[in-house]
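As a plain string of letters, each chain reads:
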Amino acid sequence: MDQTQEPSQSRSFVLGLQHLLAMYSGAVAVPILIGNALHFNSEQLTYLVSIDIFMCGLATLLQLLRNRYFGIGLPVVLGCAIQAVAPLEMIGQKYSIGTMYGAIIVAGIFVFLIAGVFSKIKKLFPPVVTGTLITTIGLTLIPVGIQNLGGGTASAKDFGDPKNLLVGFVTILVIVALQAFAKGFLASISVLIGLIVGTLLAACMGMVSLTPVTQAAWLHFPQFFYFGMPKFEWSSSLTMMIIALVSMVESTGVFFALGDLLGKDITEDDLKRGYRAEGLAQIFGGLFNTFPYTTFSQNVGLLQLSGIRSKRPIYWAAGLLMAMGLLPKVGALVTIMPTAVLGGAMVVMFSSIAVQGIKMLLKVDFSDNHNLLIVAISLGLGLGVSVYPNIFQALPSQLQLFLENGIVIASISSVLLNLIFKGKKGLEEN
(Lines give C-alpha, C1' and ligand atoms only; values in the text may rest on other atoms or scores of the structure.)
Protein backbone atom coordinates (compact mmCIF):
# COMPACT_ATOMS: atom_id res chain seq x y z
CA MET A 1 0.00 0.00 0.00
CA ASP A 2 1.29 3.45 -0.89
CA GLN A 3 1.67 5.19 2.48
CA THR A 4 0.93 8.56 0.84
CA GLN A 5 -2.61 7.38 -0.07
CA GLU A 6 -5.56 7.69 2.31
CA PRO A 7 -6.63 4.14 3.32
CA SER A 8 -10.27 3.16 2.72
CA GLN A 9 -12.70 3.23 5.65
CA SER A 10 -12.71 -0.56 5.94
CA ARG A 11 -8.92 -0.73 6.02
CA SER A 12 -8.80 2.22 8.40
CA PHE A 13 -11.13 0.33 10.73
CA VAL A 14 -8.74 -2.63 10.83
CA LEU A 15 -5.72 -0.36 11.29
CA GLY A 16 -7.58 1.49 14.05
CA LEU A 17 -8.33 -1.80 15.79
CA GLN A 18 -4.61 -2.60 15.61
CA HIS A 19 -3.80 0.72 17.33
CA LEU A 20 -6.43 0.00 19.98
CA LEU A 21 -5.00 -3.44 20.78
CA ALA A 22 -1.48 -2.01 20.97
CA MET A 23 -2.42 0.44 23.72
CA TYR A 24 -5.30 -1.34 25.46
CA SER A 25 -3.37 -3.10 28.23
CA GLY A 26 -1.53 0.10 29.12
CA ALA A 27 -4.84 1.95 29.22
CA VAL A 28 -6.61 -0.51 31.54
CA ALA A 29 -3.58 -1.14 33.76
CA VAL A 30 -3.88 2.23 35.52
CA PRO A 31 -7.53 1.93 36.67
CA ILE A 32 -6.98 -1.69 37.75
CA LEU A 33 -3.87 -0.82 39.80
CA ILE A 34 -5.42 2.24 41.45
CA GLY A 35 -8.84 0.62 41.97
CA ASN A 36 -7.26 -2.38 43.71
CA ALA A 37 -5.00 -0.17 45.84
CA LEU A 38 -8.00 1.86 47.03
CA HIS A 39 -10.09 -1.30 47.62
CA PHE A 40 -12.82 -0.54 45.09
CA ASN A 41 -15.56 -3.16 44.85
CA SER A 42 -16.28 -4.97 41.57
CA GLU A 43 -19.01 -2.52 40.56
CA GLN A 44 -16.74 0.49 41.15
CA LEU A 45 -13.84 -1.17 39.34
CA THR A 46 -16.06 -2.03 36.37
CA TYR A 47 -17.13 1.61 36.10
CA LEU A 48 -13.53 2.80 36.46
CA VAL A 49 -12.22 0.60 33.64
CA SER A 50 -15.16 1.33 31.32
CA ILE A 51 -15.11 5.10 31.74
CA ASP A 52 -11.33 5.10 31.46
CA ILE A 53 -11.51 3.40 28.05
CA PHE A 54 -14.20 5.88 26.97
CA MET A 55 -12.00 8.80 28.10
CA CYS A 56 -8.98 7.42 26.20
CA GLY A 57 -11.06 7.74 23.04
CA LEU A 58 -12.26 11.24 23.95
CA ALA A 59 -8.72 12.37 24.85
CA THR A 60 -7.46 11.02 21.51
CA LEU A 61 -10.17 12.98 19.66
CA LEU A 62 -9.15 16.19 21.47
CA GLN A 63 -5.63 15.71 20.13
CA LEU A 64 -6.74 14.79 16.59
CA LEU A 65 -9.23 17.66 16.13
CA ARG A 66 -6.77 20.47 15.49
CA ASN A 67 -8.19 23.98 15.88
CA ARG A 68 -6.85 27.40 16.84
CA TYR A 69 -6.88 26.53 20.56
CA PHE A 70 -5.90 22.86 20.99
CA GLY A 71 -5.06 19.62 19.17
CA ILE A 72 -1.72 18.82 17.52
CA GLY A 73 -3.51 17.14 14.60
CA LEU A 74 -1.06 14.23 14.30
CA PRO A 75 -1.91 10.49 14.28
CA VAL A 76 -1.51 9.99 18.05
CA VAL A 77 -3.36 7.89 20.63
CA LEU A 78 -3.76 9.03 24.24
CA GLY A 79 -3.96 6.78 27.27
CA CYS A 80 -3.48 6.84 31.04
CA ALA A 81 -0.16 8.16 32.33
CA ILE A 82 1.38 5.16 34.11
CA GLN A 83 3.72 7.44 36.11
CA ALA A 84 0.64 8.82 37.88
CA VAL A 85 -0.24 5.49 39.55
CA ALA A 86 1.94 5.67 42.67
CA PRO A 87 1.21 9.37 43.46
CA LEU A 88 -2.56 8.88 42.96
CA GLU A 89 -2.56 5.80 45.20
CA MET A 90 -0.70 7.81 47.85
CA ILE A 91 -3.14 10.75 47.64
CA GLY A 92 -6.20 8.48 47.68
CA GLN A 93 -4.97 6.53 50.69
CA LYS A 94 -3.68 9.54 52.68
CA TYR A 95 -6.53 11.97 51.96
CA SER A 96 -9.55 10.82 49.94
CA ILE A 97 -10.70 9.82 46.48
CA GLY A 98 -12.16 13.31 46.06
CA THR A 99 -8.75 14.84 46.82
CA MET A 100 -7.22 12.59 44.17
CA TYR A 101 -9.60 13.87 41.50
CA GLY A 102 -9.29 17.47 42.67
CA ALA A 103 -5.52 17.22 42.17
CA ILE A 104 -6.01 15.82 38.66
CA ILE A 105 -8.27 18.76 37.72
CA VAL A 106 -5.77 21.30 39.08
CA ALA A 107 -2.93 19.61 37.17
CA GLY A 108 -4.99 19.70 33.95
CA ILE A 109 -5.66 23.42 34.35
CA PHE A 110 -1.94 23.93 35.07
CA VAL A 111 -0.94 22.14 31.85
CA PHE A 112 -3.45 24.12 29.78
CA LEU A 113 -2.23 27.45 31.19
CA ILE A 114 1.53 26.82 30.82
CA ALA A 115 1.28 25.21 27.35
CA GLY A 116 2.35 28.40 25.57
CA VAL A 117 5.38 28.93 27.82
CA PHE A 118 6.38 25.25 27.76
CA SER A 119 6.22 25.18 23.95
CA LYS A 120 9.24 27.53 23.91
CA ILE A 121 11.42 24.53 24.75
CA LYS A 122 11.45 23.55 21.05
CA LYS A 123 14.71 25.46 20.59
CA LEU A 124 16.28 23.27 23.28
CA PHE A 125 15.69 20.13 21.16
CA PRO A 126 18.15 19.97 18.23
CA PRO A 127 18.67 16.53 16.57
CA VAL A 128 21.31 15.40 19.08
CA VAL A 129 18.85 15.97 21.96
CA THR A 130 15.74 14.70 20.16
CA GLY A 131 17.48 11.57 18.86
CA THR A 132 18.81 10.81 22.34
CA LEU A 133 15.39 11.29 23.91
CA ILE A 134 13.54 9.07 21.42
CA THR A 135 16.21 6.35 21.67
CA THR A 136 15.88 6.46 25.46
CA ILE A 137 12.08 6.19 25.25
CA GLY A 138 12.37 3.03 23.14
CA LEU A 139 15.15 1.43 25.20
CA THR A 140 13.43 2.08 28.55
CA LEU A 141 10.19 0.55 27.25
CA ILE A 142 11.77 -2.67 25.91
CA PRO A 143 12.12 -4.24 29.41
CA VAL A 144 8.36 -3.67 29.89
CA GLY A 145 7.71 -5.67 26.72
CA ILE A 146 10.10 -8.44 27.84
CA GLN A 147 8.43 -8.60 31.27
CA ASN A 148 5.03 -8.95 29.64
CA LEU A 149 6.38 -11.60 27.29
CA GLY A 150 7.46 -13.60 30.36
CA GLY A 151 3.99 -13.40 31.88
CA GLY A 152 3.69 -9.88 33.28
CA THR A 153 5.05 -10.16 36.82
CA ALA A 154 8.71 -11.06 37.28
CA SER A 155 8.13 -12.31 40.83
CA ALA A 156 5.30 -14.66 39.82
CA LYS A 157 5.92 -18.42 39.89
CA ASP A 158 4.89 -18.84 36.26
CA PHE A 159 7.13 -16.01 34.99
CA GLY A 160 9.11 -17.33 32.04
CA ASP A 161 6.84 -20.38 31.76
CA PRO A 162 7.47 -22.17 28.42
CA LYS A 163 3.83 -21.55 27.43
CA ASN A 164 4.31 -17.78 27.86
CA LEU A 165 7.56 -17.85 25.92
CA LEU A 166 6.04 -19.92 23.11
CA VAL A 167 3.02 -17.67 22.48
CA GLY A 168 5.15 -14.53 22.92
CA PHE A 169 7.82 -15.56 20.44
CA VAL A 170 5.25 -16.93 17.96
CA THR A 171 3.65 -13.47 18.02
CA ILE A 172 7.05 -11.91 17.25
CA LEU A 173 7.74 -14.44 14.47
CA VAL A 174 4.38 -13.79 12.79
CA ILE A 175 4.97 -10.01 12.85
CA VAL A 176 8.51 -10.39 11.50
CA ALA A 177 7.43 -12.86 8.79
CA LEU A 178 4.66 -10.57 7.56
CA GLN A 179 6.98 -7.56 7.57
CA ALA A 180 9.57 -9.56 5.60
CA PHE A 181 7.40 -11.39 3.07
CA ALA A 182 3.95 -9.79 2.91
CA LYS A 183 3.18 -6.66 0.92
CA GLY A 184 0.71 -3.80 1.06
CA PHE A 185 -2.14 -3.89 3.54
CA LEU A 186 -1.22 -7.33 4.92
CA ALA A 187 2.19 -6.05 5.98
CA SER A 188 0.66 -2.92 7.53
CA ILE A 189 -1.52 -5.00 9.89
CA SER A 190 1.28 -7.42 10.85
CA VAL A 191 0.97 -6.56 14.56
CA LEU A 192 -2.80 -7.20 14.56
CA ILE A 193 -2.35 -10.56 12.83
CA GLY A 194 0.47 -11.44 15.23
CA LEU A 195 -1.76 -10.68 18.22
CA ILE A 196 -4.63 -12.75 16.79
CA VAL A 197 -2.42 -15.76 15.96
CA GLY A 198 -0.73 -15.58 19.36
CA THR A 199 -4.10 -15.42 21.14
CA LEU A 200 -5.53 -18.34 19.14
CA LEU A 201 -2.44 -20.43 19.97
CA ALA A 202 -2.80 -19.46 23.63
CA ALA A 203 -6.49 -20.47 23.54
CA CYS A 204 -5.53 -23.90 22.21
CA MET A 205 -3.17 -24.23 25.19
CA GLY A 206 -5.86 -23.29 27.72
CA MET A 207 -4.43 -19.83 28.45
CA VAL A 208 -7.55 -17.84 27.49
CA SER A 209 -10.63 -17.37 29.72
CA LEU A 210 -13.94 -15.88 28.58
CA THR A 211 -15.06 -15.20 32.17
CA PRO A 212 -14.42 -11.42 31.96
CA VAL A 213 -16.74 -11.24 28.94
CA THR A 214 -19.59 -13.20 30.53
CA GLN A 215 -19.40 -11.17 33.77
CA ALA A 216 -19.28 -7.72 32.12
CA ALA A 217 -22.40 -5.56 31.70
CA TRP A 218 -23.82 -4.72 28.28
CA LEU A 219 -24.16 -0.96 28.74
CA HIS A 220 -22.50 1.70 30.88
CA PHE A 221 -22.80 5.50 30.73
CA PRO A 222 -20.26 8.10 31.92
CA GLN A 223 -21.21 10.12 34.99
CA PHE A 224 -19.77 13.33 36.37
CA PHE A 225 -18.27 12.91 39.86
CA TYR A 226 -19.19 9.21 40.11
CA PHE A 227 -17.05 8.85 43.25
CA GLY A 228 -18.09 12.19 44.75
CA MET A 229 -17.22 15.87 44.42
CA PRO A 230 -13.53 16.85 44.02
CA LYS A 231 -11.62 18.20 47.01
CA PHE A 232 -8.57 20.40 46.76
CA GLU A 233 -5.42 20.08 48.86
CA TRP A 234 -2.26 22.00 47.97
CA SER A 235 0.41 19.26 48.38
CA SER A 236 -1.67 16.76 46.38
CA SER A 237 -2.20 19.33 43.62
CA LEU A 238 1.52 20.14 43.55
CA THR A 239 2.36 16.44 43.31
CA MET A 240 0.11 15.98 40.28
CA MET A 241 1.47 19.15 38.67
CA ILE A 242 4.97 17.61 38.87
CA ILE A 243 3.66 14.40 37.31
CA ALA A 244 2.02 16.52 34.59
CA LEU A 245 5.40 18.12 33.80
CA VAL A 246 6.94 14.64 33.51
CA SER A 247 4.19 13.65 31.06
CA MET A 248 4.75 16.84 29.05
CA VAL A 249 8.45 16.04 28.67
CA GLU A 250 7.62 12.51 27.49
CA SER A 251 4.96 13.81 25.10
CA THR A 252 7.49 16.27 23.66
CA GLY A 253 9.69 13.35 22.66
CA VAL A 254 6.72 11.55 21.10
CA PHE A 255 5.67 14.68 19.17
CA PHE A 256 9.16 15.08 17.73
CA ALA A 257 9.31 11.36 16.90
CA LEU A 258 6.05 11.68 14.97
CA GLY A 259 7.32 14.78 13.20
CA ASP A 260 10.42 12.92 12.08
CA LEU A 261 8.33 9.93 10.97
CA LEU A 262 5.93 12.12 8.98
CA GLY A 263 8.60 14.47 7.63
CA LYS A 264 6.86 17.37 9.38
CA ASP A 265 8.52 20.18 11.31
CA ILE A 266 6.97 20.41 14.78
CA THR A 267 6.53 24.11 15.56
CA GLU A 268 6.03 25.89 18.87
CA ASP A 269 2.40 26.34 17.89
CA ASP A 270 2.05 22.58 17.34
CA LEU A 271 3.52 21.87 20.76
CA LYS A 272 1.26 24.42 22.43
CA ARG A 273 -1.87 22.88 20.90
CA GLY A 274 -0.67 19.40 21.81
CA TYR A 275 -0.04 20.30 25.46
CA ARG A 276 -3.39 22.09 25.71
CA ALA A 277 -5.21 19.00 24.41
CA GLU A 278 -3.51 16.91 27.09
CA GLY A 279 -4.45 19.52 29.71
CA LEU A 280 -8.10 19.36 28.63
CA ALA A 281 -7.97 15.56 28.72
CA GLN A 282 -6.69 15.70 32.30
CA ILE A 283 -9.46 18.11 33.32
CA PHE A 284 -12.09 15.78 31.84
CA GLY A 285 -10.34 12.90 33.61
CA GLY A 286 -10.90 14.63 36.94
CA LEU A 287 -14.50 15.55 36.15
CA PHE A 288 -15.43 12.01 35.07
CA ASN A 289 -13.37 10.48 37.91
CA THR A 290 -10.74 8.81 35.75
CA PHE A 291 -7.07 9.76 35.35
CA PRO A 292 -4.47 12.00 33.66
CA TYR A 293 -3.96 11.23 29.97
CA THR A 294 -0.81 11.44 27.90
CA THR A 295 0.36 10.61 24.38
CA PHE A 296 1.21 6.89 24.10
CA SER A 297 4.62 6.14 22.61
CA GLN A 298 3.90 2.52 21.62
CA ASN A 299 1.60 3.71 18.85
CA VAL A 300 4.51 5.61 17.27
CA GLY A 301 6.32 2.30 16.81
CA LEU A 302 3.15 0.89 15.28
CA LEU A 303 2.96 3.76 12.76
CA GLN A 304 6.51 2.98 11.70
CA LEU A 305 5.76 -0.73 11.28
CA SER A 306 2.47 -0.24 9.41
CA GLY A 307 3.80 2.46 7.11
CA ILE A 308 0.39 4.21 7.30
CA ARG A 309 0.71 7.89 8.25
CA SER A 310 -2.97 8.88 7.91
CA LYS A 311 -5.12 10.11 10.84
CA ARG A 312 -8.16 8.18 9.59
CA PRO A 313 -7.26 4.91 11.41
CA ILE A 314 -6.71 6.91 14.63
CA TYR A 315 -10.21 8.38 14.34
CA TRP A 316 -11.46 4.80 14.15
CA ALA A 317 -9.35 3.85 17.18
CA ALA A 318 -10.81 6.79 19.14
CA GLY A 319 -14.37 5.85 18.13
CA LEU A 320 -13.83 2.20 19.02
CA LEU A 321 -12.42 3.14 22.41
CA MET A 322 -15.44 5.31 23.19
CA ALA A 323 -17.83 2.57 22.03
CA MET A 324 -16.03 -0.04 24.14
CA GLY A 325 -16.27 2.28 27.14
CA LEU A 326 -20.05 2.35 26.71
CA LEU A 327 -20.22 -1.41 26.05
CA PRO A 328 -18.18 -3.12 28.82
CA LYS A 329 -18.88 -6.61 27.45
CA VAL A 330 -17.21 -5.66 24.16
CA GLY A 331 -14.38 -3.98 26.03
CA ALA A 332 -13.83 -7.09 28.14
CA LEU A 333 -13.38 -9.14 24.95
CA VAL A 334 -10.01 -7.46 24.40
CA THR A 335 -8.84 -8.30 27.92
CA ILE A 336 -8.77 -12.04 27.17
CA MET A 337 -5.57 -11.54 25.20
CA PRO A 338 -2.74 -13.14 27.24
CA THR A 339 -0.07 -10.78 28.58
CA ALA A 340 2.69 -12.81 26.92
CA VAL A 341 1.13 -12.32 23.47
CA LEU A 342 0.93 -8.57 23.99
CA GLY A 343 4.51 -8.62 25.30
CA GLY A 344 5.73 -10.13 22.05
CA ALA A 345 4.14 -7.30 20.05
CA MET A 346 5.48 -4.72 22.54
CA VAL A 347 9.07 -5.90 22.06
CA VAL A 348 8.77 -5.28 18.31
CA MET A 349 7.05 -1.89 18.67
CA PHE A 350 9.28 -0.52 21.42
CA SER A 351 12.42 -1.66 19.62
CA SER A 352 11.16 0.17 16.52
CA ILE A 353 10.96 3.40 18.55
CA ALA A 354 14.57 2.95 19.69
CA VAL A 355 15.69 2.36 16.10
CA GLN A 356 13.86 5.50 14.99
CA GLY A 357 15.85 7.45 17.58
CA ILE A 358 19.06 5.90 16.27
CA LYS A 359 18.07 6.95 12.74
CA MET A 360 17.73 10.53 13.97
CA LEU A 361 21.14 10.30 15.63
CA LEU A 362 22.65 9.32 12.26
CA LYS A 363 22.13 12.97 11.25
CA VAL A 364 24.39 14.07 14.11
CA ASP A 365 28.10 14.77 13.53
CA PHE A 366 29.83 12.31 15.87
CA SER A 367 33.27 13.51 14.81
CA ASP A 368 32.43 16.24 17.33
CA ASN A 369 33.28 14.71 20.72
CA HIS A 370 30.77 17.01 22.39
CA ASN A 371 27.93 15.28 20.53
CA LEU A 372 29.38 11.91 21.49
CA LEU A 373 29.40 12.87 25.17
CA ILE A 374 25.88 14.33 25.06
CA VAL A 375 24.44 11.07 23.72
CA ALA A 376 26.62 8.73 25.81
CA ILE A 377 26.05 10.40 29.18
CA SER A 378 22.34 11.06 28.62
CA LEU A 379 21.61 7.51 27.46
CA GLY A 380 23.64 6.11 30.35
CA LEU A 381 21.84 8.20 32.95
CA GLY A 382 18.40 7.63 31.42
CA LEU A 383 18.75 3.85 31.24
CA GLY A 384 20.49 3.67 34.62
CA VAL A 385 17.71 5.53 36.41
CA SER A 386 15.10 3.38 34.66
CA VAL A 387 16.76 0.27 36.10
CA TYR A 388 17.38 1.76 39.57
CA PRO A 389 14.83 4.56 40.15
CA ASN A 390 15.41 4.21 43.91
CA ILE A 391 18.83 5.85 43.53
CA PHE A 392 17.11 9.12 44.51
CA GLN A 393 15.29 7.66 47.55
CA ALA A 394 17.20 9.91 49.98
CA LEU A 395 15.95 13.07 48.25
CA PRO A 396 12.66 14.87 49.09
CA SER A 397 9.63 12.93 47.84
CA GLN A 398 8.45 15.73 45.52
CA LEU A 399 11.87 15.70 43.83
CA GLN A 400 11.82 11.92 43.55
CA LEU A 401 8.57 12.07 41.56
CA PHE A 402 10.39 14.07 38.90
CA LEU A 403 13.81 12.40 38.93
CA GLU A 404 12.90 8.71 39.08
CA ASN A 405 11.77 8.81 35.42
CA GLY A 406 14.65 7.83 33.11
CA ILE A 407 13.16 9.66 30.12
CA VAL A 408 13.03 12.91 32.10
CA ILE A 409 16.63 12.41 33.29
CA ALA A 410 17.82 11.80 29.71
CA SER A 411 15.94 14.94 28.58
CA ILE A 412 17.44 17.14 31.31
CA SER A 413 20.92 15.73 30.77
CA SER A 414 20.94 16.08 26.98
CA VAL A 415 19.47 19.60 27.04
CA LEU A 416 21.91 20.85 29.70
CA LEU A 417 24.95 19.21 28.13
CA ASN A 418 24.03 20.62 24.72
CA LEU A 419 23.77 24.11 26.24
CA ILE A 420 27.05 23.70 28.12
CA PHE A 421 28.99 22.39 25.12
CA LYS A 422 27.30 24.36 22.32
CA GLY A 423 25.74 27.44 23.94
CA LYS A 424 23.75 29.58 21.46
CA LYS A 425 25.21 27.63 18.54
CA GLY A 426 23.47 24.49 19.85
CA LEU A 427 20.12 26.26 19.83
CA GLU A 428 20.63 27.41 16.25
CA GLU A 429 21.20 23.84 15.02
CA ASN A 430 17.53 22.94 15.50
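It should be noted that the structure appears before, not after, this text.
Just so you know, these numbers come straight off a predicted model, no measurement behind them.

### Some details on the overall build of the protein chain
For the protein chain, the helix and strand inventory stands at 19 helices and 2 strands. Its C-alpha radius of gyration of 21 Å places the protein chain within 12% of the 22 Å reference for a compact globule of 430 residues. Overall, the protein chain is about 60 × 55 × 45 Å in size when its C-alpha atoms are taken along their principal axes. Burial analysis of the protein chain (430 residues in total) assigns 57% to the buried set. Summarising the internal contacts of the protein chain: among those between residues at least 6 apart in sequence, 83% fall at separations of at least 24. Total accessible area computed for the protein chain in this model is approximately 17600 Å², and 67% of it derives from carbon and sulfur atoms. Once the 24 positive and 20 negative side-chain charges of the protein chain are each reduced to a mean point, those two points are 6 Å apart.

### A word on the packing of aromatic side chains
This model, assessed by the stated rule, comprises 11 aromatic pairs. Judged by centre distance (3.7 Å) and plane angle (10°), the rings of Tyr47 and Tyr226 are stacked. Taken together, the residues span a long stretch of sequence, with Tyr47 in helix H2 (residues 42–64) and Tyr226 in the loop between helix H9 (211–215) and helix H10 (234–262) at a distance of 179 residues. Look at Tyr226 and you get partly exposed, because its relative accessible area is 24%. Plain terms: the ring middles of Phe224 and Phe288 are 4.5 Å apart, the flat faces sit at 20° to each other, and that makes the pair stacked. On the criterion of sequence distance, the pair formed by Phe224 in the loop between H9 and H10 and Phe288 in the loop between helix H11 (268–287) and strand S2 (293–295) is long-range, its members being 64 residues apart. Every member of this aromatic cluster is reached through a ring pair, and the members are Tyr47, Tyr101, Tyr226 and Phe227. Directly above the aromatic system of Phe112 lies the positively charged group of Arg276, at a separation of 5.5 Å from the ring centroid.

### Regarding helix H5 (residues 127–150)
For an α-helix, the turn length of 3.6 residues means that residues three or four places apart are oriented alike. Here H5 spans 35 Å end to end across 24 residues, near enough to the 34 Å set by a 1.5 Å rise per residue. By the criterion of burial, H5 is predominantly enclosed, with 18 of the 24 residues buried.

### Thoughts on helix H12 (residues 298–306)
Burial within H12 is extensive, with 8 of its 9 residues counted as buried. Listing the buried residues of H12 in full gives Gln298, Asn299, Val300, Gly301, Leu302, Leu303, Leu305 and Ser306. Looking at the residues trailing H12, positive phi occurs at Gly307, about 75°.

### As for the packing of helix H6 (residues 162–181) against helix H15 (residues 339–361)
Interhelical geometry of H6 versus H15 gives an angle of 40° and a closest axis separation of 7 Å. By the criterion of interaxial angle, the relationship of H6 to H15 is oblique. As for how H6 packs across H15, the hand of that crossing is right-handed. Each of Asn164, Val167, Gly168, Thr171, Ile172 and Ile175 in H6 lies in contact with H15, whose residues at this interface are Ala340, Val341, Gly344, Ala345, Val347 and Val348. Looking at side-chain class alone, the contact of H6 with H15 contains 8 nonpolar, 4 polar and no charged residues.

### With respect to the environment of Ser12
Within the secondary structure, Ser12 is located in helix H1 (residues 9–37). In this structure Ser12 comes out as buried when scored by relative accessible area, which is 0%. Setting aside anything within four residues of it in sequence, one finds Ser12 in contact with Pro7, Arg312, Pro313 and Trp316.

### Side note on the pattern of salt bridges
Counted according to the given criterion, the structure contains 6 salt bridges. Residues Asp269 and Lys272 are paired through a salt bridge, measuring 3.5 Å at the closest nitrogen-oxygen approach. Note that Asp269 and Lys272 are positioned in helix H11 at a spacing of 3 residues, about one turn of the helix. When its relative accessible area of 31% is taken as the criterion, Asp269 is described as partly exposed. Lys272 sits in the partly exposed class, given a relative accessible area of 23%. Through salt bridges with shared partners, one network takes in Arg66, Lys264 and Asp270.

### Describing the packing of H5 against helix H16 (residues 369–387)
Packing of H5 against H16 brings their axes to within 10 Å, and their N-to-C directions diverge by 25°. If you check the angle between H5 and H16, you find them roughly parallel. Note on packing geometry: the crossing formed by H5 with H16 is right-handed. Contacts from Val128, Thr132, Thr135, Thr136, Leu139 and Thr140 of H5 reach H16 at Asn371, Ile374, Val375, Ser378, Leu379, Gly382, Leu383 and Ser386. Looking at the contact of H5 with H16 residue by residue, the class counts come to 6 nonpolar, 8 polar and no charged.

### Quick word on the side chain of Glu250
Within the secondary structure, Glu250 sits in helix H10. Not counting the four nearest positions on each side in its chain, Glu250 is found in contact with Gln83, Ile137, Asn405 and Ile407.

### Remarks on the side chain of Asn371
Secondary-structure assignment places Asn371 in helix H16. Overall, the relative accessible area of 5% leaves Asn371 in the buried class. For Asn371, the residues in contact, after removing those within four places along its chain, are Val128, Val364, Asp365, Phe366 and Lys422.

Scoring rules and cut-offs
Residues numbered from 1 in each chain as written. Predicted model: local features only at pLDDT ≥ 70, side-chain atom pairs only at ≥ 80, totals over all residues. Heavy atoms only, no water. Helix = DSSP H or I, 4+ residues; strand = E, 2+ residues; numbered from the N terminus. Rg over C-alpha atoms; globule rule 2.2 N^0.38 Å. Buried < 20%, exposed > 50% of the residue type's maximum accessible area, 1.4 Å probe, protein only. Contact = heavy atoms within 4.5 Å. Areas by Shrake-Rupley, 256 points an atom, 1.4 Å probe, with all protein chains shown as cover. Lys, Arg positive; Asp, Glu negative; His and termini not counted. Charge placed at Lys NZ, Arg CZ, Asp CG, Glu CD. Phe/Tyr/Trp six-rings, centres within 6.5 Å; stacked < 30°, edge-to-face > 60°. Lys NZ or Arg CZ within 6 Å of the ring centre and 35° of its normal. Expected span 1.5 Å × (residues − 1). Axes fitted to C-alpha atoms, helices over the stretch in contact; angles between N-to-C directions. Parallel < 35°, antiparallel > 145°, perpendicular 65-115°, else oblique. Left-handed = near helix turned anticlockwise from the far one by under 90°. Nonpolar A, V, L, I, M, F, W, Y, C, P; charged D, E, K, R; others polar. Salt bridge = Lys/Arg side-chain N within 4 Å of Asp/Glu carboxyl O.

In short, geometric facts, not functional conclusions.
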